[in-house]
Amino acid sequence: MFAAMFAALAMAATITAAQPPVSTVSAAQPLPAEIDAALQRAKLPGDALAVVVHEIGSAKPLLAHQARLPMNPASVIKLLPSAAALDLLGPAWTWATPV
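Since the structure is predicted, the reported quantities are computational estimates derived from the model, not experimental observations.

Peer 1: Got a minute to help me understand the overall build of the protein in this structure?
Peer 2: The number of helices and strands found in the protein is three helices and two strands. Walking the protein from its N terminus toward its C terminus, one meets helices and strands in the order α-α-β-β-α. Classification of the 99 residues of the protein by burial places 15% in the buried group. Excluding contacts between residues fewer than 6 apart, the proportion of contacts in the protein whose partners are at least 24 apart in sequence is 46%. Summing over all exposed atoms, the protein offers an accessible surface of approximately 7,500 Å²; the carbon and sulfur share of this is 66%.

Below you can see the structure in the form of structure tokens.
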């Protein structure tokens, strides 16, 4: 139903799947090595990122880094209306734009 939204989370979940569940990763504790390496390659500091990864149906997060810190959702927020549109209209729906 909301496949696009969950696909984005699937990559992060596979990175943390090999590690035991962590209730909270504070700023003082390091992120998982794979995520930290990716951030270093992108030249982004770990405090520029807030992440919460949940297994579907579980209330306990697999990873929570700066989870309570308010952040701008950026482009990720597009997943919600896109998933809703796909669910309501279907993937084959088209429309004409009079330009």
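Peer 1: Can you walk me through the nonpolar core in this structure?
Peer 2: In globular proteins that are soluble, nonpolar side chains generally tend to be buried together. Leu31, Ile35, Leu39, Val51, Val53, Leu62 and Leu63 form the largest nonpolar core, which has seven residues in total. Where this core is concerned, the elements lending two or more residues are α2 (33-41), β1 (51-54) and β2 (61-65).

Peer 1: I tried to follow the environment of Ala50 on my own but got confused; where do I start?
Peer 2: Within the fold, Ala50 resides in the loop between α2 and β1. Exposure remark for Ala50: the relative accessible area of 32% places this residue in the partly exposed category. Setting aside residues no more than four positions away along its own chain, Ala50 makes contact with His65, Gln66 and Met71.

Peer 1: Can you help me understand the side chain of Gln66 in this one?
Peer 2: Here Gln66 is to be found in the loop between β2 and α3 (79-89). Of the residues examined, Gln66 reaches a relative accessible area of 17% and is grouped as buried. Within the structure, Gln66 has its side chain in polar contact with the backbone oxygen of Asp47 (distance 3.2 Å). Within the structure, Gln66 has its side chain in polar contact with the backbone oxygen of Leu49 (distance 2.6 Å).

Peer 1: Help me understand the packing of aromatic side chains in this model?
Peer 2: Under the definition given, this model contains one aromatic pair. Between Trp93 and Trp95 the ring centres are 5.1 Å apart and the planes differ by 35 degrees, which places this aromatic pair in the tilted class. Exposure remark for Trp93: the relative accessible area of 42% places this residue in the partly exposed category.

The rules we used
Residues numbered from 1 in each chain as written. Predicted model: local features only at pLDDT ≥ 70, side-chain atom pairs only at ≥ 80, totals over all residues. Heavy atoms only, no water. Helix = DSSP H or I, 4+ residues; strand = E, 2+ residues; numbered from the N terminus. Buried < 20%, exposed > 50% of the residue type's maximum accessible area, 1.4 Å probe, protein only. Contact = heavy atoms within 4.5 Å. Areas by Shrake-Rupley, 256 points an atom, 1.4 Å probe, with all protein chains shown as cover. Core = buried A, V, L, I, M, F, W, Y, C linked by side-chain atoms within 4.5 Å. Polar contact = N/O pair within 3.5 Å; in protein donor to acceptor, adjacent residues only side chain to side chain. Phe/Tyr/Trp six-rings, centres within 6.5 Å; stacked < 30°, edge-to-face > 60°.

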